[in-house]
Amino acid sequence: MKKILIIITLFFSMHSQSQTFVKFNAATALILVPNVGIETSIGKKSTYQFDVIDSFWKNINGAPNEFYSFTNEYRYHFQDKYNGFYVGANAGFDAFKIQKWNYIKMGVYQIGVGVTVGATVGYQKKLNNKFLLDFFIGGGNHQGFYHSYYLGSNKRFEFDKAIKQNKSGEWIPYRGGVMISYRLN
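Note that the structure is a prediction, hence the values are computed from the model and not measured. (Residues numbered from 1 in each chain as written. Predicted model: local features only at pLDDT ≥ 70, side-chain atom pairs only at ≥ 80, totals over all residues. Heavy atoms only, no water.)

On inspection of all chains with the given rule, the structure shows nine salt bridges. Here R75 makes a salt bridge to E73, at a shortest N to O gap of 2.8 Å. Classification of R75 as buried rests on a relative accessible area of 0%. When the shortest N-O distance is used, the salt bridge between K100 and E170 registers 3.4 Å. You can see K100 sitting in the loop between β6 (84-98) and β7 (108-126) and its partner E170 sitting in strand β9 (residues 166-183), a full 70 residues away along the chain. Residue classification places K100 among the buried positions, given a relative accessible area of 13%. By relative accessible area, which is 24% here, E170 ends up partly exposed. (Salt bridge = Lys/Arg side-chain N within 4 Å of Asp/Glu carboxyl O. Buried < 20%, exposed > 50% of the residue type's maximum accessible area, 1.4 Å probe, protein only. Helix = DSSP H or I, 4+ residues; strand = E, 2+ residues; numbered from the N terminus.)

In structure tokens form, the structure reads like this:
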């Protein structure tokens with residue numbers, strides 16, 4: 001029941017404030033990692049953004065590099081919405097099949113899921129009535145739950161003694177770029 005109330009509230013908030021932007025991250029597109037989102041007004045100086053980033057790279061130098069990340073973010077704008085500096089608080093979920101940086105020399109990769117909680121700082125610049133640029137960087141805590149495997153096989157890494165899943169937590173930057181934004185209404 002709570003989920004239905006949240007969805008209804010967000011739906012009516014989007015329509016009552018009448019400013020919604022679809023967004024595409026030009027910076028991540030340069031490395032062929034699409035990042036798209038939607039940002040909508042939910043208050044006088046507040047917006048809500050939901051975005052998805054995917055890496056479709058099957059591998060880099062023989063190691064897998066696939067991940068999918070979904071992020072919800074509340075943003076507070078110091079000036080007018082969609083024009084000037086803002087800060088955001090975010091939480092998200094991801095799924096991955098990657099080689100973590102500290103396993104590169106071992107020939108080992110990881111498959112798992114994770115959750116993120118963090119903050120973003122950014123600046124939005126209106127280009128005209130329909131377009132704006134959103135410059136942002138963010139990061140926080142990532143908690144990962146995964147298994148490790150040898151490259152080129154499905155054999156578990158011999159030092160991976162976890163019965164259920166390995167767990168790790170890092171404080172890392174995980175968001176950033178330049179979003180090209182188009183106003184829908």
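Below, the discussion takes up the side chain of N141. With respect to the element layout, N141 can be found in strand β8 (residues 131-150). A distance of 2.6 Å separates a polar atom in the side chain of N141 from a polar atom in the side chain of Q143. If we skip the residues at most four places from it in the chain, N141 touches V115, T116, V117, E170, W171 and Y174. (Polar contact = N/O pair within 3.5 Å; in protein donor to acceptor, adjacent residues only side chain to side chain. Contact = heavy atoms within 4.5 Å.)

Our next topic: the packing of aromatic side chains. Going through the model one piece at a time under the given rule, you end up with seven aromatic pairs. For the pair F21 and Y82, a centre-to-centre distance of 4.6 Å together with 45 degrees between the ring planes defines the contact as tilted. In this pair, F21 is assigned in strand β1 (residues 20-25) and Y82 in the loop between β5 (63-77) and β6, connecting sequence segments 61 residues apart. Residue classification places Y82 among the buried residues on the basis of a relative accessible area of 1%. In textbook terms, an aromatic cluster arises when at least three aromatic residues are bridged by ring pairs, as seen for Y103, Y150 and F157. (Phe/Tyr/Trp six-rings, centres within 6.5 Å; stacked < 30°, edge-to-face > 60°.)

Moving on to the layout of surface pockets. By volume, the largest pocket amounts to about 940 Å³. In terms of lining residues, the largest pocket is bounded by 34 residues, among which F67, I98, H142, I172 and Y174 are the most central. Only β3 (46-55), β5, β6, β8 and β9 provide two or more residues apiece to the lining of the largest pocket. (1 Å grid on protein atoms, 1.4 Å probe; cavity = no way out; pocket = protein on both sides within 12 Å on 5 of 7 lines; lining within 4 Å. Points joined across faces, edges and corners; volume = space filled by probe spheres on them.)

What follows concerns the nonpolar core. By size, the foremost hydrophobic cluster in this structure holds six residues: F96, Y103, V108, Y146, Y150 and F157. Setting aside residues up to four positions removed in sequence, V108 forms contacts with Q99, Y103, S148, Y149, Y150, L151 and F157. (Core = buried A, V, L, I, M, F, W, Y, C linked by side-chain atoms within 4.5 Å.)

Moving on to empty space enclosed by the protein. For the coordinates displayed, the defined rule picks out one cavity of 30 Å³ or more. In this structure, the largest cavity occupies an estimated 60 Å³ of space. Together, Q19, F21, Y82, K126, N128, N129, K130, F131, L132 and R183 line the largest cavity. Its residues placed into classes, the lining of the largest cavity shows four nonpolar, three polar and three charged. (Nonpolar A, V, L, I, M, F, W, Y, C, P; charged D, E, K, R; others polar.)

Inspection of the sheet shows β6 paired to β7 by 15 bridges, in the antiparallel sense. By the bridge assignment for β7, Y86 is matched with G122. Looking at chain direction, β7 and β8 are connected through 19 bridges and run antiparallel. Looking at β8, one finds that T116 is bridged to H142. Counted along the chain from β7 to the antiparallel partner β8, the turn is four residues long. (Pairing = 2+ DSSP bridges.)

Worth remembering: the numbers are spatial, not functional.
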